[in-house]
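Chain residues, written in single-letter form:
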2 protein chains.
Amino acid sequence: MMRPTRNGAQLITNTQGSAPGTGPQPADFTDVRATNLAVVLRFVRENAPCSRADIAASTGLNKATVSSLVADLIDRRLLRETGLTENRVGRPATMLVLDGSPYAAVGIEVNVDYLTAVAVDLKGEALLSWRRAFPGGSASSGQAVAGIAGVARRVVTRMTKEARQVLGLTVAVPGLVDLTGSVRLAPNMGWRDVDLAGDLAKALRDPGFPVLVDNDANLGALAELRFGPHSGVRDLVYLTGEIGVGAGIVLDGRLRRGGAGFSGEIGHIEIVPGGPPCHCGRRGCLEVVAGLGALLDRTVPGGVSPAELEPEIDEVVQRAEAGDPVVLDLLDTLAGNLGRGVGIVANLLNPEVVVLGGYYVKLAPWILARAEQEMLARALAPGGGGCRLVVSGLGYGAAALGAAARVLDSVDSGRLPAPA
Amino acid sequence: MMRPTRNGAQLITNTQGSAPGTGPQPADFTDVRATNLAVVLRFVRENAPCSRADIAASTGLNKATVSSLVADLIDRRLLRETGLTENRVGRPATMLVLDGSPYAAVGIEVNVDYLTAVAVDLKGEALLSWRRAFPGGSASSGQAVAGIAGVARRVVTRMTKEARQVLGLTVAVPGLVDLTGSVRLAPNMGWRDVDLAGDLAKALRDPGFPVLVDNDANLGALAELRFGPHSGVRDLVYLTGEIGVGAGIVLDGRLRRGGAGFSGEIGHIEIVPGGPPCHCGRRGCLEVVAGLGALLDRTVPGGVSPAELEPEIDEVVQRAEAGDPVVLDLLDTLAGNLGRGVGIVANLLNPEVVVLGGYYVKLAPWILARAEQEMLARALAPGGGGCRLVVSGLGYGAAALGAAARVLDSVDSGRLPAPA
DNA sequence: GTTTGTTTGGTCGTTAGACGAACTAACTCT
DNA sequence: AGAGTTAGTTCGTCTAACGACCAAACAAAC
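In this text, all values refer to a predicted model and were calculated from it rather than measured experimentally.

1. Considering the overall build of chain A
So, step 1. Each helix and strand in chain A was counted, giving twelve helices and 15 strands.
So, step 2. Against the compact-globule benchmark of 22 Å for 420 residues, chain A has a radius of gyration of 23 Å, which places it among compact chains.
So, step 3. For the C-alpha atoms alone, the extent of chain A along its principal axes is close to 70 × 50 × 50 Å.
So, step 4. A total of 420 residues make up chain A; the buried ones form 58% of that total.
So, step 5. Intrachain contacts of chain A at a sequence separation of at least 6 include 62% that bridge at least 24 residues.
So, step 6. Accessible surface for chain A amounts to roughly 16,500 Å². Of this, 52% is attributable to carbon and sulfur atoms.
So, step 7. Averaging the coordinates of the 40 positive side-chain charges in chain A and doing the same for the 43 negative ones gives two points 7 Å apart.

2. Things to note about the pattern of salt bridges
Residue and element names in this part refer to chain A.
So, step 1. One pass over the full model with this rule turns up 48 salt bridges over all chains.
So, step 2. One salt bridge in this structure joins Asp412 and Arg45, with 2.9 Å as the shortest N-O distance. Here Asp412 is found in helix 12 (residues 398-412), whereas its partner Arg45 is found in helix 1 (residues 29-47), with 367 residues between them in sequence.
So, step 3. With a relative accessible area of 7%, Asp412 lands in the buried category.

3. Let's talk about the sheet that holds strand 8 (residues 183-186) of chain B
Residues and elements named next belong to chain B.
So, step 1. The three strands are arranged 7-8-9 in an open sheet whose pairing can be described as antiparallel. Only two strands of the sheet have a single neighbouring strand rather than two, namely strand 7 (176-177) and strand 9 (191-194).
So, step 2. By the bridge criterion, three bridges tie strand 8 to strand 9 in an arrangement that is antiparallel. Pairing of Ala186 across the sheet is with Trp191, part of strand 9.

4. Let's talk about the protein's contact with DNA strand C
So, step 1. Taken together, 29 residues surround DNA strand C, and among them Arg33 of chain A together with Ser67, Gly90, Arg91 and Thr94 of chain B come closest.
So, step 2. Sugar plus phosphate: this is where 67% of the atoms of DNA strand C within 4 Å of the protein reside.
So, step 3. Within the contact set of DNA strand C, a base oxygen lies 3.4 Å away from a backbone nitrogen or oxygen of Gly90 of chain A.
So, step 4. Among the secondary structure elements, those contributing two or more residues to the surface near DNA strand C are helix 1 and helix 3 (63-75) of chain A together with helix 2 (52-59) and helix 3 (63-75) of chain B.
So, step 5. By residue number, the principal contributor to the surface near DNA strand C is helix 1 of chain A, which donates four residues.
So, step 6. Taken together, the residues of the surface near DNA strand C sort by class into twelve nonpolar, nine polar and eight charged.

5. With respect to the protein's contact with DNA strand D
So, step 1. Among the 30 residues in the neighbourhood of DNA strand D, the closest are listed as Ser67, Gly90, Arg91 and Thr94 of chain A together with Arg33 of chain B.
So, step 2. Measuring from a phosphate oxygen of DNA strand D, one finds a side-chain N or O atom of Thr65 of chain B at 3.3 Å.
So, step 3. Those elements that place two or more of their residues in the surface near DNA strand D are helix 2 (52-59) and helix 3 of chain A together with helix 1 (29-47) and helix 3 of chain B.
So, step 4. Here the surface near DNA strand D gets four residues from one element, more than from any other, and that element is helix 1 of chain B.
So, step 5. The residue makeup of the surface near DNA strand D, split by class, is twelve nonpolar, nine polar and nine charged.

6. Topic: the pairing of strand 6 (residues 165-173) of chain B
All names here are of chain B.
So, step 1. Summarising burial for strand 6: eight of the nine residues are buried, a large majority.
So, step 2. Sheet topology places strand 3 (residues 103-110) next to strand 6; seven bridges connect them, and they run parallel. Of the residues in strand 6, the one forming a bridge with Ile108 is Val171.
So, step 3. Both strand 6 and strand 10 (residues 211-215) contribute to a ladder of five bridges, which runs parallel. Of the residues in strand 10, the one forming a bridge with Val173 is Asn215.

7. Brief notes about the pairing of strand 5 (residues 126-133) of chain A
So, step 1. The pairing of strand 4 (residues 114-120) of chain A with strand 5 of chain A spans seven bridges and is antiparallel. Across the sheet, residue Tyr114 of chain A finds its bridge partner in strand 5 of chain A, namely Ala133 of chain A.

8. Focus on the side chain of Ser51 of chain B
So, step 1. In this structure, Ser51 of chain B sits in the loop between helix 1 and helix 2.
So, step 2. Among the residues examined, Ser51 of chain B registers a relative accessible area of 5% and is labelled buried.

9. Topic: helix 8 (residues 292-299) of chain A
So, step 1. Counting buried positions over the eight residues of helix 8 of chain A gives six, a clear majority of the element.
So, step 2. Each element contacted by the buried residues of helix 8 of chain A is listed here: helix 7 (286-290), helix 9 (309-321), helix 10 (325-349) and helix 11 (360-378) of chain A.

10. Points about helix 12 of chain A
Residue and element names in this part refer to chain A.
So, step 1. Along its 15 residues, helix 12 runs 20 Å from first to last C-alpha, staying within 8% of the 21 Å computed at 1.5 Å per residue.
So, step 2. Taken together, the buried positions of helix 12 are Ala398, Ala399, Ala400, Leu401, Gly402, Ala403, Ala404, Ala405, Val407, Leu408, Val411 and Asp412.
So, step 3. Following helix 12 by one or two positions, Gly414 adopts a phi angle in the positive range, close to 115 degrees.

11. Here's the deal with the packing of aromatic side chains
So, step 1. One pass over the structure, following the stated rule, counts three aromatic pairs over all chains.
So, step 2. Ring geometry for Phe29 of chain A against Phe29 of chain B: centres 5.0 Å apart, planes inclined by 80 degrees, an arrangement best described as edge-to-face. Pair noted here: Phe29 of chain A is in helix 1 and Phe29 of chain B is in helix 1, and the two residues belong to different chains. Neither residue differs from the other here; Phe29 of chain A and Phe29 of chain B are each classed as exposed.
So, step 3. One Lys or Arg, Arg131 of chain B, reaches over the ring of Tyr114 of chain B and ends 3.9 Å from the middle of that ring.

12. A word on the sheet that holds strand 7 (residues 176-177) of chain A
So, step 1. Read from one edge of the open sheet, three strands run 7-8-9 (chain A), paired in antiparallel fashion. Looking at strand neighbours, the two that pair on one side only are strand 7 and strand 9 (191-194) of chain A, the edges of this open sheet.

13. A closer look at the domain arrangement of chain A
Residue and element names in this part refer to chain A.
So, step 1. Here chain A is partitioned into domain 1 (29-98), domain 2 (103-220 + 399-412) and domain 3 (229-393).
So, step 2. With centres defined by C-alpha atoms, the gap from domain 1 to domain 2 works out at 32 Å.
So, step 3. If you look at the interface, domain 1 gives nine residues, while domain 2 gives six residues.
So, step 4. When domain 1 packs against domain 2, close to 740 Å² is buried across both sides, 53% of that on carbon and sulfur atoms.
So, step 5. In terms of surface lost to domain 2, no three residues of domain 1 exceed Arg45, Leu78 and Leu98, which account for 57% of the buried area on that side.
So, step 6. If you look at where domain 1 meets domain 2, you find one salt bridge.
So, step 7. On inspection of domain 1 and its partner domain 2, the count reaches three residue pairs in polar contact (both at pLDDT 80 or more).
So, step 8. No other element matches helix 1, which puts four residues into the side of domain 1 that touches domain 2.
So, step 9. Residues of the side of domain 1 that touches domain 2, tallied by class, amount to four nonpolar, no polar and five charged.

14. Examining unusual backbone geometry
So, step 1. At Arg205 of chain A, a position not held by glycine, the phi torsion is positive, near 35 degrees.
So, step 2. Structurally, Arg205 of chain A can be placed in the loop between helix 5 (196-203) and strand 10 (211-215).
So, step 3. You will see that Asp252 of chain B, though not glycine, has its phi angle at about 55 degrees, which is positive.
So, step 4. Overall, the relative accessible area of 27% leaves Asp252 of chain B in the partly exposed class.

15. Observations concerning the packing of helix 9 of chain A against helix 10 of chain A
Residues and elements named next belong to chain A.
So, step 1. Two numbers describe how helix 9 lies on helix 10: the axes approach to 8 Å, and their chain directions differ by 110 degrees. Between helix 9 and helix 10, the interaxial angle falls into the category roughly perpendicular. The handedness of the crossing between helix 9 and helix 10 is left-handed. Two secondary-structure elements touch here, helix 9 through Val316, Arg319 and Ala320 and helix 10 through Val327, Leu328 and Leu331.
So, step 2. The class makeup of the residues in the contact of helix 9 with helix 10 is five nonpolar, no polar and one charged.

Thresholds applied
- The written sequence of each chain sets the order in which its residues are numbered from 1.
- To label them, take the chains in the order written and letter them from A, then take the ligands in the order written and number them from 1.
- Reporting of local features is limited, given that this is a predicted model, to residues whose pLDDT is at least 70; pairs of side-chain atoms are given and counted only at 80 or more, and all residues count toward the totals for whole chains, interfaces and linings.
- Side-chain measures here rest on the full set of heavy atoms in the structure, leaving out hydrogens and waters.
- Put simply, DSSP marks the helices as runs of H or I at least four residues long and the strands as runs of E at least two long, and each gets a number from the N terminus on.
- Only the C-alpha atoms count toward the radius of gyration. The rule for a globule is 2.2 Å times the residue count to the power 0.38.
- Three exposure classes are used, based on accessible area relative to the maximum for each residue type with a 1.4 Å probe and protein chains only: buried under 20%, partly exposed in between, and exposed over 50%.
- Contacts are assigned to residue pairs with any non-hydrogen atoms lying within 4.5 Å of each other.
- Each accessible area is a Shrake-Rupley estimate made with a 1.4 Å probe; only the visible protein chains count as cover when residues are assessed.
- Charge counting follows a simple rule: Lys and Arg are positive, Asp and Glu are negative, and His as well as the terminal groups are ignored.
- For the purpose of locating charges, the reference atoms are NZ of Lys, CZ of Arg, CG of Asp and CD of Glu.
- Any carboxyl oxygen of Asp or Glu that lies within 4 Å of a side-chain nitrogen of Lys or Arg is treated as forming a salt bridge with it.
- DSSP bridges decide pairing: two strands pair if at least two such bridges lie between them.
- For this description, a residue counts as near a given molecule or strand if any of its non-hydrogen atoms is within 4 Å of it.
- We define a polar contact as two N or O atoms separated by no more than 3.5 Å, with the added condition that, inside protein, one atom must be a possible hydrogen donor and the other a possible acceptor, whereas residues neighbouring each other in sequence contribute only through side-chain atom pairs.
- In this classification, Asp, Glu, Lys and Arg are treated as charged, Ala, Val, Leu, Ile, Met, Phe, Trp, Tyr, Cys and Pro as nonpolar, and every other residue, Gly included, as polar.
- The length a helix should cover is 1.5 Å for every residue beyond the first.
- Aromatic pairing here means that ring centres of Phe, Tyr or Trp (its six-membered ring) are within 6.5 Å. Orientation follows from the plane angle: under 30 degrees is stacked, over 60 is edge-to-face, and everything else is tilted.
- Criterion for a charge above a ring: Arg CZ or Lys NZ at most 6 Å from the ring centre, at most 35 degrees from the ring normal.
- A domain assignment, automatic or from a database, supplies the domain bounds used here.
- Buried area, as used here, totals the accessible surface that two parts lose on assembly, with accessibility defined by a 1.4 Å probe and the loss added over both.
- To obtain an axis, a line is fitted to C-alpha atoms, over the contacting stretch when the element is a helix, and the angle between two such axes runs from 0 to 180 degrees between their N-to-C directions.
- Any angle between 65 and 115 degrees counts as roughly perpendicular, while under 35 counts as roughly parallel, over 145 as roughly antiparallel, and the rest as oblique.
- By convention, the crossing between two helices is left-handed when the near helix turns anticlockwise from the far helix through less than a right angle, and right-handed when the turn is clockwise.

Right, dumping it as structure tokens:
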């Protein structure tokens, strides 16, 4: 096969610390190396187990180059040689896999009622998954930071006991997070201008790994991209289905955060002009007409307490299963409104997939078809421009998983740990 | 000054012709060279006239490297040496500028009523700007292709007479254009599944330069990015204000076209549920409640003919200037609806700027303030997340200018003409 | 004028690292 | 055993960035 002519894409360059707006950075030999290391690492992640020859054949890199790159990755303990192939013509190949043992990526998701912590290895396999109650809505931000730091420390010591090096920690927050990792506004948590990334780094005092903070919907989208069944999809939108509704937007394979990091605030798009009032002060927001709060307010007498969200959703599910016409009608209305929101996304962004997450997953049997139909009816492009509406298979803690995935992404895109 | 540590961005690699979904391509020395050539070219574009020493100091590239890169660019006739600096301590610098004379980039915009063709040199300075009536709405697609090809040929021969080499041709179309340059749906033109890029390339028979087709709003956004007063902005949305309303979405410095190329169809987002019917079959679309057709339908007795759009807009402007309460009220309503659409964009994408183009420019004095206020009221992020609503200064033919800009962009991102 | 200092831009040798070809290793098949 | 096949390594080549040095060309100070 001919080596394909390659022309026009992108390589990893060093842009850290340069003034913004300076334009793209010049490239270096080290950039070539970093790019190719990342290419090999990603290839093995997606095709393990595979041989050096496989890598060379598929990526177009020279066999000699692949050998050198693989040796480097083995030095950094990112790859490991496993057995040989047998019963084949020719010299048997030594197979390569990601080395799962030396590293860990940590993700923590905080929410109004609970906190989820996960750690995964380089392969993305779960090492640890904790879930505990968390008084996010009532505690002060200082107490919250202390609580998160405490959990983070426990996860890190646990990983250290297993002889793993923590590559990074990312925290998912339901709210507006700016590009520095500071939480500008998290209404459900009662936070405003909390420099969570900075405070956490301080509380962990020189942790030796990067501490990042991001929006929960953004990280949910990353989780779907890495762990969901969407191989090859480069344009995806993830919708959280918690008390609020947020969107994580992936276009051309990367999260798009907007100018200040505040993209994806679909929950406060006006869907029903003059509709029911939202806690944000506006009316008819998607969150009010297609969120869970509104649903539960009408099915559960006496209002909803965040801490009791899950059992109440379960009750709705039971009543729907039993055929309760009131609940079915409410779900149908919710689905219609949700579909209108998804239609807006389909028209504006033309994603290949929109993934429903959070509690929407449990409600899917009663809302998915209607919502998809509504979306298709509203999209200008025939067939919705190829946009599919699907349900997340990741369950709760998708954002925590995505937070860990963000750490792995930074490795995949060239930020490798140093060799031993 | 210390050389800044560079880490984590991206380099131009060769991705042409490789299977999609293969993941990022490996890098090569030629990629480093291409990246650095592009870096120098862009630097000179933004800082001309400047010396080699300036380039080295600002980009961090080595002086020797810059000399080599500049020599290469001069060989390719992209840069030119101009006079020396005087009256300064030290050896005078030889200044470098973009060479405007050897090349041309061509953009053509087709619309319902007219066709605009522009050619610009490497600096982005206009070489030619034609506007002529074009029966886009009534002609068959075959006739339209022939007409466009005819204009393109005339532009090319004109450029050839000026001893310029045409680097590329891009055509802007108001409609859904897929990623191959095929027009899937252009309701106002009456087109469906027209392989415009292919047909044009055929009609021009081996033109020796790439022929591309893109959506008019996308190209309007590119025009704003390059020629508008938005230096350093990386997240921008451009709204066309023609018969239809479309959005061009730039995030992180590049156009985002969505999975099939159909992003930006803001015109058919439902703004007023149950509102007036739209020609697309739905009701209350942004296009109907904030587009020009709706405005003119109510101000001009007897309906609107596309060919007479401009004088009718002018009449609306005159009546607004005269203080006609009916017109002012209609404009205020339009502005409110437009602002709701912009609010959706601000919430979902958090751009730094939303630019109003097309005929919105003429109406700006009566709609801008109200629309911005409406947008700010609807954005969840305080202050709209920093989003500003502004008016385009590029006038008509912004899409044609953007079409030419797309050609320049491909040069800027590494696809350089061969040396003489 | 002469000297000194400063800045520009080019030359030369070094070095990182990808590539191609040749080579060795290890297996299967006949 | 020999032929054929595939895997991975070694070695030399080549591209292109980098650092150090140098000559040229000027202003300012003397």
